[in-house]
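Spelled out from the first residue to the last, the chains are:
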Amino acid sequence: FALLIGGYKAFTAVPIYQADGMLQVEEKTSGLANLDVATMMEDRSPVNAEIEILRSRSVLGAVVDNLKLDIVAYPEYFPLIGAALARRGPASERPTVKVESLNLPESMRGSAFELVLVGPDKYELFDAEGTFLLRGDVGKVASHAMPSEDSLSIFVSMLRGDKDQSFWVIRQPRLAAIQSLQARLSVSERGDWSGILSVRVEGADPESIQQQVNEIANVYVRQN
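Predicted model, so just to flag it, every value in this text is computed and none were measured. (Residues numbered from 1 in each chain as written. Predicted model: local features only at pLDDT ≥ 70, side-chain atom pairs only at ≥ 80, totals over all residues. Heavy atoms only, no water.)

Peer 1: Sorry if this is basic, but what is going on with the packing of helix H3 (residues 57-67) against helix H5 (residues 174-184) here?
Peer 2: Between two packed helices, what matters for the description is the angle formed by their axes and the separation of those axes. At a minimum axis distance of 9 Å, the contact between H3 and H5 shows a crossing angle of 110°. Considering the angle they form, H3 stands roughly perpendicular to H5. Across the interface between the two elements, Arg57, Leu60, Gly61, Ala62, Val63, Val64 and Asp65 from H3 touch Arg174, Leu175, Ala177, Ile178, Gln179, Leu181 and Gln182 from H5. Looking at the contact of H3 with H5 residue by residue, the class counts come to eight nonpolar, three polar and three charged. (Axes fitted to C-alpha atoms, helices over the stretch in contact; angles between N-to-C directions. Helix = DSSP H or I, 4+ residues; strand = E, 2+ residues; numbered from the N terminus. Parallel < 35°, antiparallel > 145°, perpendicular 65-115°, else oblique. Contact = heavy atoms within 4.5 Å. Nonpolar A, V, L, I, M, F, W, Y, C, P; charged D, E, K, R; others polar.)

Peer 1: Before we go on, may I ask you to explain helix H6 (residues 206-223) in this structure?
Peer 2: Since the α-helix advances by 3.6 residues per turn, residues separated by three or four positions end up pointing in the same direction. Look at H6: 26 Å from first C-alpha to last across 18 residues, which is about the 26 Å you get at 1.5 Å a residue. Buried residues of H6: Ile209, Gln212, Val213, Glu215, Ile216, Val219 and Tyr220, and no others. (Expected span 1.5 Å × (residues − 1). Buried < 20%, exposed > 50% of the residue type's maximum accessible area, 1.4 Å probe, protein only.)

Peer 1: Where do I start with the nonpolar core in this structure?
Peer 2: Counting residues in hydrophobic clusters, the biggest one holds 24 residues, and the most contacted among them are Leu54 and Ile216. Contributions of two or more residues to this core are made by strand E1 (17-24), helix H2 (37-54), H3, H5, strand E10 (185-189), strand E11 (196-203) and H6. Here this core gets five residues from one element, more than from any other, and that element is H6. Setting aside residues up to four positions removed in sequence, isoleucine 216 forms contacts with Leu54, Val59, Leu60, Val63, Leu185, Val199 and Val201. Grouped together as the second largest cluster of nonpolar side chains are 22 residues, Val97, Tyr123, Met146 and Ile154 included. (Core = buried A, V, L, I, M, F, W, Y, C linked by side-chain atoms within 4.5 Å.)

Encoded structure:
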């Protein structure tokens with residue numbers, strides 16, 4: 001029984017990848033002053049400050065906005081083993097969805113929407129209770145008027161799967177997306193007083209975390 005449980009855990013475990021990058025923080029020095037221990041400790045504090053800036057909401061908030069990390073979209077699989085089986089199949093045959101934008105009232109952030117593939121490049125969107133909202137085409141903006149004079153619009157740039165395949169789309173509150181990125185981000189100095197910062201991001205999508213590391217570096221450099 002223990003062997004079966006272990007095998008199931010190993011089969012269904014989601015692989016976690018790590019992407020990393022390096023940044024150099026340059027400080028002006030004055031000859032032999034760096035040999036003084038007190039001066040070395042003072043030089044270290046700017047590096048610590050840069051680490052906090054890299055992890056700040058100002059930098060990570062811009063990363064979330066630029067990469068739209070607050071939009072989460074994923075396919076619905078057969079319970080228990082569906083996702084594991086899909087990961088072991090060819091990437092070109094896996095159900096895939098890419099949502100470029102999802103504009104909705106602030107009160108609806110965090111709510112899940114079901115997107116169903118109903119034909120070639122055509123889909124229907126339902127709320128969590130199964131109420132039909134709109135029918136749209138891949139590559140075009142689709143919108144739905146809400147009862148409170150607000151509107152909901154979505155732009156799906158890629159959709160692949162069998163007919164009636166379901167996907168779930170959520171737009172998180174911005175703060176939740178920032179905190180999620182902070183939890184997956186680690187920043188540390190390589191060696192003592194090197195001024196070299198190592199930036200690492202973990203996640204299940206290797207391509208996405210590479211983009212996140214690059215964008216964190218780009219936003220930080222533009223801000224400084």
